[in-house]
Amino acid sequence: MYAETNWSLRPVRTADVEAIAELRAEVMREDLERLGRYDEQRVRQRFRDGFSPDHTSVVEVDGAFAGCVTVRPDESGEGLHLEHFYLAPGVQGRGLGTAVLRDLLARADGEGEPVSLVVLQGSAARRLYEREGFTLRSEDPVDVLMVRRPRPGTGG
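On a predicted model such as this, the values are computed, not experimentally measured, just so you know. Each chain carries its own residue numbering, running from 1 in the direction its sequence is written. Only residues with pLDDT of at least 70 get local features here, since the model is predicted, and only at 80 or more are side-chain atom pairs given and counted; chain-wide, interface and lining totals rely on the full set of residues. Excluded from the side-chain calculations are hydrogens and water; all other atoms, namely the structure's heavy atoms, are used.

## Focus on the sheet that holds strand β6 (residues 135-139)
In this description, strands pair whenever DSSP reports at least two bridges between them. Runs of H or I in DSSP of at least four residues are treated as helices and runs of E of at least two as strands, each being numbered from the N terminus. Across the sheet, which stays open at both edges, the seven strands sit in the order β1-β2-β3-β4-β5-β7-β6 with mixed pairing between neighbours. Where the open sheet ends on each side, the last strands, each with one partner, are β1 (7-11) and β6. For this sheet the average axis-to-axis angle between neighbouring strands, irrespective of direction, equals 30°. Of the pairings in the sheet, the one linking β1 to strand β2 (residues 56-61) comprises five bridges and is antiparallel in character. Note on β2: the bridge partner recorded for Leu 9 is Val 59. Contacts from helix α1 (residues 17-34) reach β2, β3 (64-73), β4 (80-87) and β5 (115-120), with the element oriented near 90° to β4. As a rule, the C-alpha atoms of each element are fitted with a line to give its axis, helices using only the stretch in contact, and angles between N-to-C directions run from 0 to 180 degrees. Two residues qualify as a contact provided that any one of their heavy atoms is within 4.5 Å of a heavy atom in the partner residue.

## As for the packing of α1 against helix α2 (residues 42-50)
Where α1 contacts α2, the two axes come as close as 8 Å, and the packing angle between them is 130°. With respect to their mutual orientation, α1 and α2 come out oblique. The chirality of how α1 crosses α2 is right-handed. Facing α1, whose interface residues are Val 17, Glu 18, Ile 20, Ala 21, Glu 22, Arg 24, Ala 25 and Leu 32, α2 presents Val 43, Arg 44, Arg 46, Phe 47 and Arg 48. Within the contact of α1 with α2, the residues separate by chemical class into seven nonpolar, no polar and six charged. An angle below 35 degrees is treated as roughly parallel, one above 145 as roughly antiparallel, one from 65 to 115 as roughly perpendicular, and anything else as oblique. The crossing is said to be left-handed when, going from far helix to near helix, the turn is anticlockwise and less than a right angle, and right-handed when the turn is clockwise. Just so you know the grouping, Ala, Val, Leu, Ile, Met, Phe, Trp, Tyr, Cys and Pro go in nonpolar, Asp, Glu, Lys and Arg go in charged, and all remaining residues, Gly too, go in polar.

## Points about the pattern of salt bridges
Salt bridge, as used here, is a side-chain nitrogen of Lys or Arg placed within 4 Å of a carboxyl oxygen of Asp or Glu. Inspection of every chain in the model, using the stated rule, returns 15 salt bridges. Residue Glu 60 is joined to Arg 10 by a salt bridge in which the shortest nitrogen-to-oxygen separation is 2.7 Å. Here Glu 60, found in strand β2, pairs with Arg 10, found in strand β1; they are 50 residues apart in sequence, far enough to count as distant. Residue exposure (1.4 Å probe, protein chains only): buried if accessible area is under 20% of the type maximum, exposed if over 50%, otherwise partly exposed. According to the relative accessible area criterion, Glu 60 is buried, its value standing at 13%. Residue class for Arg 10 comes out buried when judged on its relative accessible area of 13%. Taking the shortest distance from any N to any O, the salt bridge between Arg 44 and Glu 40 comes out at 3.2 Å.

## Some thoughts on α2
When α2 is considered as a whole, its buried residues turn out to be Val 43, Arg 44 and Phe 47. The buried residues of α2 occupy an angular sector of 100° when projected down its axis, which confines them to one face. Here the buried face of α2 lies against α1 and β4. In this context, the arc is that of the directions from the helix axis out to the C-beta atoms.

## Brief notes about the pairing of β4
Taken across its eight residues, β4 has eight buried, putting it largely inside the fold. Here β3 pairs with β4 via six bridges, running antiparallel. Paired with Thr 70 across the strands is Glu 83, a residue of β4. Joining the antiparallel neighbours β3 and β4 is a turn of six residues, in which Gly 77 adopts a positive phi near 90°. Note: β4 against β5, three bridges, orientation parallel. Considered in β5, the bridge of Leu 82 is made with Leu 117. By convention, a crossover is right-handed whenever its connection, traced from the first strand over the helix to the second and viewed with the strands pointing away, goes clockwise. The β-α-β motif built from β4, the intervening helix α3 (residues 96-110) and the parallel element β5 has right-handed crossover chirality.

Shape is all these values report; function is a separate question.
Printed below as a string of structure tokens:
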């Protein structure tokens, strides 16, 4: 399990962009194909176009690249928006996503900030978000917008 301390977040570097774009293409492929929306080039370019270095962190396990996550101010001006949360297949399914998400949510709770995110319809990641308190705000045939209100008294 990754609830222990062998994972960490570090600031993203420009050199990480292509590794993250490749990881995005790999982990989103199945869901995007199922939805009829996978495009070999577009899946990478959408990350490059929306890359936010000031708000993106690289997830490392034992000092090695294992994924990434972006937490930026929400465009609505209310709260934070979590996006580009990708973990390498080799580290999935062992609690790393839960550990990273709980750490990020504890920070948001400490700031009294709600957190929103968009997950693809049918994505297994939705179960993780629901377990951590995210609820449905809206959905369409492709995207599910979820939000989690801050939990008082749980932040630092």
